[in-house]
Amino acid sequence: MTETAASPADLAQRTAQLEGVINNAVDAIITIDPRGIVVAINPSTERMFGYSPMEVIGQNIKMLMPAPYAEEHDGYLANYLRSGQRKIIGIGREVTGKRKDGSTFPMHLAVSEASVGERLFTGIVRDISDLKRAEANLARMNEELEQRVSERTAQLEAAQEMLVRKEKLAALGQIAGGIAHEIRNPLNAIKTSAYYLLNASNASAAKVREHLTRIDRQVTLADNAVTALSDFARLPEPERKPVPLEDLLRSVVSSIGMPDEIEVSIDVPVGTPEVFVDENQIPIVFRNLLRNARDAMPEGGRIVISAAKVDDHVRVAVADNGEGMTPDVVQRVMEPLFTTKARGMGLGLAISRAIIQKHDGRLEVASEYRRGSTFSVELPLGDGQQREQL
Amino acid sequence: MRKHAIILIADDDADIRANFSDILSDRGYVVDVAPDGHAALARIKERQYDVAILDFKMPGMDGATLYTSVKKMYPELVAIMVTAYAGSDGAQRALDAGVAHVLRKPVEMSQLLERVEDVLRQPLLLVVDDDQEFCASLWQVLRNRGYRVGLAHDQSGALERFDQRAYDVALIDLRLSPENGGDHLFQQVREKYPGTRTLLITGFRSQFQDRIDGLVSGGAEVFYKPLNLDAMLERIGQLV
């Protein structure tokens, strides 16, 4: 729009239009002169601040501001007029307004400068109380949410801690149950022998000796149970050295009482390299596997021990054609204190697996119910041998 | 009570078998041992034991399972179970099956001996009824009252039992079989085993009224089904 072509009628119409816009604006529109004196306000200003035009026009704008802004306003204006440095003009910011009744409210103020004959400043003021309230609400809700999240987190942490504690207790219960049998049976024998010795009406010297020997033997059994458990809890690091596999297997087999109905064969191919293992620990593994195989064949059967070099290790399989295991037993068979036997703590395979793992190997099981089981052990080769193979 | 009560010990631990055996023998009991459940069942088929002391954890068959089989064969045999885990599922299962006592290892021998003596003092009853469920529930009721209870389901089975053991009281169902009624058995028992007191049970008051009247006038005592248990238990208590 340019003013040059405007006719007086156009001008009147445009003035009326502008007045209409200003008078109906939702925002308060306030015009002041360079001294800060209010020269015009629109009706929204009256509603927002509670003053009539008569009370405001001709007064300093600072009447609409609370302390300390009111006191500082003259200085701001003078500073701007002197230095041209804008703090608010052309920028707009959030400030605080003061109503006639003295109450204050947050408002957004945008100030523009215009020179219409004289220099004038127009402020457009929007009451942002609702916005601020909403913001405050949001902040409070956020805070509450944070609070709830941290409470819930604490609850979850507590629940998890409890779960861990419960699991520990469950493990403890399992251990206690496992030990109970292995300790209470010897205690039972000891206690009943003691009862006999104390109460028998006609105990011969031979009987007395028999019961004392029994007490002695059963104390050893109870002690063995405790030793087995503590050995398992702190298994020493293997002291590895090259060991001929076939010799190791043969000595293990000869150390186990096998009934005549069970046939054991050892097949270690000629040229199988020496294994690099702890010569005290590895026999424990094979003794356990052989005992299990034997116990799985109460009617007799065949145990085949076979070795084969696979990559950088030797794989030894101990296979029986005994009772085999159901899938749920297979799944649990290496758990400590799990046993299907009436005698024994259920530590054999757990210890065996721990030993093999300390040798960086693996202990695996394959079983078919009523057909038999095969346990496979991976044993490492010595460093030198590995290099030779390369 | 017999002069020498016979006790069976089933335990897979040879030392425990030897100890129980030594202690009980020293007390004057006759003792047999079995290393597992199957051996125990074989023994029970051959001999009329008074008490069985069963280990819970044995290879092949646990003590609770063993007792379930024992009870079917020979319900008057009272079992005491010994376990490393009292309060376990196994102990509860044994008690549910009808094991009289569960003792925890290490066993307090004086307690075990006391239990054995208590059991041997319990009167011996025989229930003769073809209704097996009725027998099973009566067995439980009478066991809970502190009786040892044998069961027979027909006349020949009952006579076999009377040959084997001296029962203090026999409870005989009148309608054992169509051809041989309980009254026949009743007469036989009265003649052959005068030491046994006999109570008759019947569910057919009207049909057999003449027979019942005849028996009653001959001195028989009759209880009608549904049983007034309190009255019957009171009467048994007087008889033993």
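Treat the numbers as computed from the prediction; the structure is a model and nothing was measured. (Residues numbered from 1 in each chain as written. Chains lettered and ligands numbered in written order. Predicted model: local features only at pLDDT ≥ 70, side-chain atom pairs only at ≥ 80, totals over all residues. Heavy atoms only, no water.)

*Asks:* Looking at this model, I keep getting lost on the pattern of salt bridges. Mind explaining?
*Replies:* Proximity of charged atoms lets side chains of opposite charge pair with each other. In this structure the tally under the stated criterion is 38 salt bridges over all chains. In this structure, Arg315(A) engages Glu364(A) in a salt bridge whose closest nitrogen and oxygen atoms are separated by 2.9 Å. In this pair, Arg315(A) is assigned in strand E10 (residues 313–320) and Glu364(A) in strand E11 (residues 363–368), connecting sequence segments 49 residues apart. Residue Arg315(A) is classed as partly exposed on the basis of its relative accessible area of 27%. Owing to a relative accessible area of 29%, Glu364(A) belongs among the partly exposed residues under this scheme. In this structure, Asp32(B) and Arg47(B) form a salt bridge, with 3.0 Å as the shortest nitrogen-oxygen distance. (Salt bridge = Lys/Arg side-chain N within 4 Å of Asp/Glu carboxyl O. Helix = DSSP H or I, 4+ residues; strand = E, 2+ residues; numbered from the N terminus. Buried < 20%, exposed > 50% of the residue type's maximum accessible area, 1.4 Å probe, protein only.)

*Asks:* Would you mind showing me how to read the packing of helix H6 (residues 205–233) of chain A against helix H1 (residues 14–26) of chain B here?
*Replies:* For any two helices packed against each other, one specifies the crossing angle of their axes together with the interaxial distance. Viewed as axis vectors pointing N to C, H6(A) and H1(B) meet at an angle of 145°, and their least axial separation amounts to 11 Å. With respect to the hand of their crossing, H6(A) and H1(B) are arranged in left-handed fashion. Judged by residue contacts, Lys207(A), Glu210(A), His211(A), Arg214(A), Arg217(A) and Gln218(A) of H6(A) engage Asp15(B), Ala18(B), Asn19(B) and Asp22(B) from H1(B). Per-class residue counts for the contact of H6(A) with H1(B) are 1 nonpolar, 3 polar and 6 charged. (Axes fitted to C-alpha atoms, helices over the stretch in contact; angles between N-to-C directions. Left-handed = near helix turned anticlockwise from the far one by under 90°. Contact = heavy atoms within 4.5 Å. Nonpolar A, V, L, I, M, F, W, Y, C, P; charged D, E, K, R; others polar.)

*Asks:* Would you take a moment to explain helix H10 (residues 229–239) of chain B for this structure?
*Replies:* An α-helical segment advances 3.6 residues per turn. Residues three or four places apart therefore align on the same side. Residue and element names in this part refer to chain B. The set of residues buried in H10 consists of Met 232, Leu 233, Ile 236 and Leu 239. In a view along the axis of H10, the buried residues occupy a sector of 120°, so they form one face of it. Among the exposed residues of H10, those pointing more than 90 degrees away from its buried face are Asp 230, Glu 234 and Gln 238. Those residues of H10 that are buried lie in contact with strand E6 (124–128), helix H6 (132–144), strand E8 (169–173), strand E9 (197–202) and strand E10 (221–224). (Arc of directions from axis to C-beta.)

*Asks:* Explain unusual backbone geometry to me, please; I cannot follow it from the model alone.
*Replies:* It is generally the case that most residues other than glycine have a negative phi and that most peptide bonds are trans. Omega for the bond connecting Ala67(A) with Pro68(A) falls within 30 degrees of zero, at 5°, which places this linkage in the cis form. The residue Pro68(A) is located in the loop between helix H3 (53–56) and helix H4 (69–83) in this model. With omega at -5°, the peptide bond leading from Lys225(B) into Pro226(B) counts as cis. Among the secondary structure elements, Pro226(B) is positioned in the loop between E10 and H10. Phi angles above zero are rare outside glycine, and Asp360(A) is one such case at about 60°. Mapping Asp360(A) onto the fold places it in the loop between helix H10 (348–358) and E11. In this structure Asp360(A) comes out as exposed when scored by relative accessible area, which is 63%.

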